[in-house]
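Secondary and tertiary structure notes
Spelled out from the first residue to the last, the chains are:
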Amino acid sequence: TIAYVPNKVKDMSLADWGRKEIELAEAEMPGLMSLREEYKNSQPLKGARIAGCLHMTIQTAVLIETLQSLGAQVTWSSCNIFSTQDQAAAAIAQTGTAVYAWKDMTEEEFEWCIEQTLFFGEDRQPLNMILDDGGDLTNMVLDKYPELAAGINGLSEETTTGVHRLYERVKAGTLPMPAINVNDSVTKSKFDNKYGCRESAVDAVRRATDIMLAGKRVIVCGYGDVGKGTAASFKGAGSIVTVTEIDPICALQAAMDGFEVKKLETVIKTADIIITTTGNKDIVRGEHFKAMKDKTIVCNIGHFDNEIQVSWLNDNYGDTKNTIKPQVDKYTIDGKDIILLAEGRLVNLGCATGHPSFVMSNSFTNQTLAQIELWTNRDAYENQVYMLPKYLDEKVAKLHLAKIGVELTELEQYQAEYIGVKVEGPFKPEYYRY
Ligand code: NAI
């Protein structure tokens, strides 16, 4: 094990501010708050030692305190070096929770923070649950501390990229515990990835650059869930949006949604802003940087920074790098300036505050239900990747209706029979795609 460090955050004097923001967020997170109410007596997470690795924001603070109010002990790190909100981390640390997170850390500090979360308290009890976003905590446990795996009930994974890594492990036979794919709950990827990015993509570029977005030419690389939300975000701001895709279905969707669909090479010369959303690597490369016009803004909203060849920029034009403010850097390529945001890391958490609370409540209600399921029902699962059942997906949605005044129509018995469902749901077959 490793020596006990109770917590490490940037500045404890931010805790009061953080607490006030957490209280405001709670009012926007009805799913989490109703789980607190539903489970306050039964304490289903009692005995669980959950290590979490997920952007240490205000919304995540509400998740952490929900897990605790259901009986869990929690340790936490952030899954990105730029994504922590220091006031949120301070408020969580102030309650005595073992949080290791601050905005703008080095890669070494990032690893150090994750490592601290593996052992709990002064008696150094190892984690017995993983809650991950992107798979870095999972990889740390399975690659560096494989002896801990046997004591872990299971893991829940937040995002597309992390889920992708899990399915690869299943294929390779290297997943030693059951996992729940939270991302592909409908109330996660079709809400957080899409409507979340619709709010936070533009927010990030505005906070970073203050640029007028109306009339600007924006290229969105990828038209999956994140791409759909991101393209809508810029369209809503009055930008002229072009999409790139490799998948004919998503390319056709983009076209039907009214976007021009082109190859990056075709439109790069006139782009004002380029944003990658693919979860793939090497989307914006050296030759693209060379073709950009003066003052093009380049950023990524996918999970990892390898969508943009930042290393090419640093290797070839690193001497021209000029930091305008934290997470906003100017490079000069053959006389033309390029503005790179958040060093190519996910821009909505690097340059803004991530998605709004309401949409994160949907994601995190799925996370909490996944943790309860794996902790209380371990024996029902093999070492595979599972999704939450549809009735729970529908429950998550249902918990968010009243807050925004939604009236849900109820089926008559004969109508339910006519379409082949139960009056109380599930309302759709598994193959329905929303
Ligand atoms: P997705 O799989 O739905 O979409 C990715 C799309 O990119 C696909 O349609 C794919 O065909 C396309 N694509 C792949 N290679 C491409 C290429 N070379 N050129 C153009 N298009 C290409 O995945 P999703 O859910 O949209 O997630 C994308 C990334 O965003 C992942 O890394 C995910 O973890 C991350 N994410 C980030 C969030 C944030 O708040 N910043 C929120 C949720 C997910």
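Keep in mind that this is a model prediction, so the values were computed, not measured.

**Looking at the site of the ligand**
The full set close to the ligand counts 27 residues, and Thr159, Thr160, Thr161, Glu245 and Ile301 are the nearest of them. Measuring from an oxygen atom of the ligand, one finds a backbone N or O atom of Val226 at 2.8 Å. With respect to the ligand, the side chain of Asn280 contributes an N or O atom lying 3.1 Å from a nitrogen atom. Here the ligand loses 84% of its free accessible area of 850 Å² to cover by the protein chains. Of all elements in the fold, only helix 7 (160-172), helix 8 (186-209) and helix 9 (225-236) reach the threshold of two or more residues within the shell around the ligand. Among the elements that make up the shell around the ligand, the one with the highest residue count is helix 8 (3 residues). A per-class count over the shell around the ligand returns 7 nonpolar, 15 polar and 5 charged.

**A word on the packing of aromatic side chains**
Across all of its chains, the model carries 8 aromatic pairs by this definition. Ring geometry for Phe119 versus Tyr145: centroids 6.1 Å apart, planes at 70°, classification edge-to-face. Here Phe119, found in strand 4 (residues 119-120), pairs with Tyr145, found in the loop between helix 6 (136-144) and strand 7 (155-157); they are 26 residues apart in sequence, far enough to count as distant. Summarising the burial analysis for this pair, Phe119 and Tyr145 share the class buried. Pairing Tyr223 with Phe259 gives two aromatic rings, centres 5.8 Å apart and planes at 65°, and the pair type is edge-to-face. Of this pair, Tyr223 sits in the loop between strand 9 (217-221) and helix 9 while Phe259 sits in the loop between helix 10 (248-256) and strand 11 (260-261), and the two are 36 residues apart along the sequence. Note on accessibility: Tyr223 and Phe259 belong to one class, buried. Ring pairing ties together the aromatic residues Phe289, Trp312 and Tyr317, which thus form one cluster. Between Lys8 and the ring centre of Trp102, over which it is positioned, the NZ or CZ distance is 4.9 Å.

The rules behind these values
Residues numbered from 1 in each chain as written. Predicted model: local features only at pLDDT ≥ 70, side-chain atom pairs only at ≥ 80, totals over all residues. Heavy atoms only, no water. Near = heavy atom within 4 Å. Polar contact = N/O pair within 3.5 Å; in protein donor to acceptor, adjacent residues only side chain to side chain. Areas by Shrake-Rupley, 256 points an atom, 1.4 Å probe, with all protein chains shown as cover. Helix = DSSP H or I, 4+ residues; strand = E, 2+ residues; numbered from the N terminus. Nonpolar A, V, L, I, M, F, W, Y, C, P; charged D, E, K, R; others polar. Phe/Tyr/Trp six-rings, centres within 6.5 Å; stacked < 30°, edge-to-face > 60°. Buried < 20%, exposed > 50% of the residue type's maximum accessible area, 1.4 Å probe, protein only. Lys NZ or Arg CZ within 6 Å of the ring centre and 35° of its normal.

Without other data, these values stay purely geometric and don't point to any function.
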